[in-house]
Amino acid sequence: MAVEQQARGAANGATGAGRRRSRRDEILEIAVGLFASRGYHGVSMDDIGAAAGVTGPALYHHFAGKEAMLAAALIPVSEGLLAGGRERAAQPDDPRGTLESLIDFHVDFALANPAVIALHLHELDRLPDEPRRRIRRLQRLYVEEWVTVLTTLHPGLPDGEARVLAHAAFGLMNSTPFLAGEVDRRRRAELLRGATLAALLAPTDPA
């Protein structure tokens, strides 16, 4: 139930926070919460319709099926992350400030969207080839924004090693689906930002 509650607003991904939610958005949010808490195969269209209070025909008016819901939840997230990453990475003269901006952006996203992150981690392979490839490509492009900043911040750092650091940073920041509620959101954000920044600022020279 906690994951389902966290999913409220998650389907808007990294963009569209101020946009008025449609009935389609509301159904998608409910589906995201159910997928995240029960697993993709543990949820039927009937389950989603019952939770959303809609009949089968009304549900299929908005989505062709569960795969369409999963794609609708995950593709905008990857598009929003890439757009936000590119916007913040366009500060080549201040690599440290750019890195901090990227971290702030991603931590805010991760705290707002734990259910969507859980879907990315566990359910992406449920998608058909085309949308899965599209999401993977968007993710790779997002990683490269971080790689550019990290190689500027650490002169001489090979791109491959920068990708290792970027993925390690995502591991820290994307831990939000697994964080309990005993620490308030503001403090969780501080801890995630501080840990990620410290990891990415650490010396990269071989021991």
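Just so it is clear, the structure is predicted and the values come from calculations on it, not from any experiment.

## So, the overall build of the protein
At step 1: Secondary structure assignment for the protein yields 10 helices and zero strands.
At step 2: Traced from its N-terminal end to its C-terminal end, the protein shows the element sequence α-α-α-α-α-α-α-α-α-α.
At step 3: When each of the 207 residues of the protein is scored for burial, the buried share is 44%.
At step 4: Look at the contacts in the protein between residues 6 or more apart in sequence, and 69% of them connect residues 24 or more apart.
At step 5: For the protein, the computed accessible surface area is about 10,500 Å², with 52% contributed by carbon and sulfur atoms.

## Regarding helix H10 (residues 185–201)
At step 1: Taking 1.5 Å of rise per residue, 17 residues should cover 24 Å, and H10 covers 24 Å from first to last C-alpha, within 8% of that figure.
At step 2: One side-chain oxygen at the N-terminal end of H10 lies 3.1 Å from the backbone nitrogen of arginine 186; it belongs to aspartate 184.

## Quick notes on the environment of leucine 111
At step 1: Among the secondary structure elements, leucine 111 is positioned in helix H6 (residues 95–112).
At step 2: Classification of leucine 111 as buried rests on a relative accessible area of 11%.
At step 3: Through-space distance from the C-alpha of leucine 111 to that of arginine 185 is 7.6 Å; in sequence the pair is 74 residues apart.
At step 4: Residues in contact with leucine 111, not counting those within four places in the same chain, are Thr176, Arg185, Arg188, Ala189 and Leu192.

## As for the nonpolar core
At step 1: Counting 58 residues, the largest nonpolar core has Phe35, Ile48, Met69 and Trp146 as its most contacted members.
At step 2: Counting only elements with at least two residues in this core, the list comes to helix H2 (23–38), helix H3 (45–52), helix H5 (66–89), H6, helix H7 (114–123), helix H8 (129–153), helix H9 (159–173) and H10.
At step 3: When near neighbours in sequence (up to four residues on either side) are disregarded, tryptophan 146 contacts Leu99, Leu102, Ile103, His106, Ala166, Phe170, Met173 and Leu200.

## With respect to the pattern of salt bridges
At step 1: All told, the structure shown has 13 salt bridges when counted by the stated rule.
At step 2: Of the charged contacts, one joins arginine 126 and glutamate 123 as a salt bridge, the two residues approaching to 2.9 Å between their closest N and O atoms.
At step 3: According to the relative accessible area criterion, arginine 126 is partly exposed, its value standing at 35%.
At step 4: Using a relative accessible area of 7% as the deciding quantity, one classes glutamate 123 as buried.
At step 5: Here glutamate 190 and arginine 187 are joined by a salt bridge, their closest N and O atoms 3.0 Å apart. Here arginine 187 and glutamate 190 lie together in helix H10, a separation of three residues that amounts to about one turn.
At step 6: Overlapping salt bridges, with partners in common, bring together Asp104, Asp108 and Arg193 in one network.

## Here we look at the side chain of threonine 176
At step 1: Looking at the secondary structure, you find threonine 176 in the loop between H9 and H10.
At step 2: The residues contacting threonine 176, other than those within four sequence positions of it, are Ala110, Leu111, Pro114, Ile117 and Leu192.

## A look at the confidence of the model for the protein
At step 1: Residue-level pLDDT values for the protein average 87, and 89% of them are 70 or greater.
At step 2: Long-range and interchain partners of residues 1–18, a stretch whose pLDDT sits below 50, account for 37 contacts in this model, where long-range means more than four residues apart.

## A word on the packing of H9 against H10
At step 1: One way to put it is that H9 packs onto H10 with a least axis distance of 9 Å and a crossing angle of 165°. On the basis of their axis angle, the class for H9 and H10 is roughly antiparallel. At the point where H9 passes H10, the crossing takes the right-handed sense. Here Leu165, Ala169, Leu172 and Met173 of H9 lie close against H10, whose contacting residues are Leu192, Ala195, Thr196, Ala199 and Leu200.
At step 2: When its residues are assigned to classes, the contact of H9 with H10 shows eight nonpolar, one polar and no charged.

Definitions and limits used
- Every chain is numbered independently, its residues counted from 1 as its sequence is written.
- Local features in this predicted model are restricted to residues of pLDDT 70 or higher, and side-chain atom pairs are both shown and tallied only at a pLDDT of 80 or more, whereas totals for entire chains, interfaces and linings draw on every residue.
- Excluding hydrogens and water, the side-chain figures rest on all heavy atoms present in the structure.
- Segments assigned H or I by DSSP are reported as helices when at least four residues long, segments assigned E as strands when at least two residues long, and all are numbered from the N terminus.
- Relative accessible area decides the class of each residue, using a 1.4 Å probe on protein chains only: under 20% of the type maximum gives buried, over 50% gives exposed, and in between gives partly exposed.
- Whether two residues touch is decided by their heavy atoms; if any such pair falls within 4.5 Å, the residues are in contact.
- In this description, accessible areas are obtained by the Shrake-Rupley approach with a 1.4 Å probe, and a residue is regarded as covered only by the protein chains that are shown.
- Here a helix's expected span is defined as the number of its residues, less one, multiplied by 1.5 Å.
- Pairs of N or O atoms are called polar contacts if they sit within 3.5 Å, as long as, within protein, a hydrogen donor faces a hydrogen acceptor (for residues adjacent in sequence, only side-chain-to-side-chain pairs).
- Buried Ala, Val, Leu, Ile, Met, Phe, Trp, Tyr and Cys residues that are joined via side-chain atoms within 4.5 Å together make up what is termed a nonpolar core.
- Salt-bridge detection follows one rule: a side-chain nitrogen of Lys or Arg within 4 Å of a carboxyl oxygen of Asp or Glu.
- For every residue, the predictor states its confidence as a pLDDT score lying anywhere from 0 to 100.
- To obtain an axis, a line is fitted to C-alpha atoms, over the contacting stretch when the element is a helix, and the angle between two such axes runs from 0 to 180 degrees between their N-to-C directions.
- With respect to orientation, any angle under 35 degrees is reported as roughly parallel, any angle over 145 as roughly antiparallel, any angle of 65 to 115 as roughly perpendicular, and every other angle as oblique.
- With the far helix as reference, a near helix turned anticlockwise by less than a right angle produces a left-handed crossing, and one turned clockwise produces a right-handed crossing.
- Polar here means any residue other than Ala, Val, Leu, Ile, Met, Phe, Trp, Tyr, Cys and Pro, which are nonpolar, and Asp, Glu, Lys and Arg, which are charged; Gly is therefore polar.

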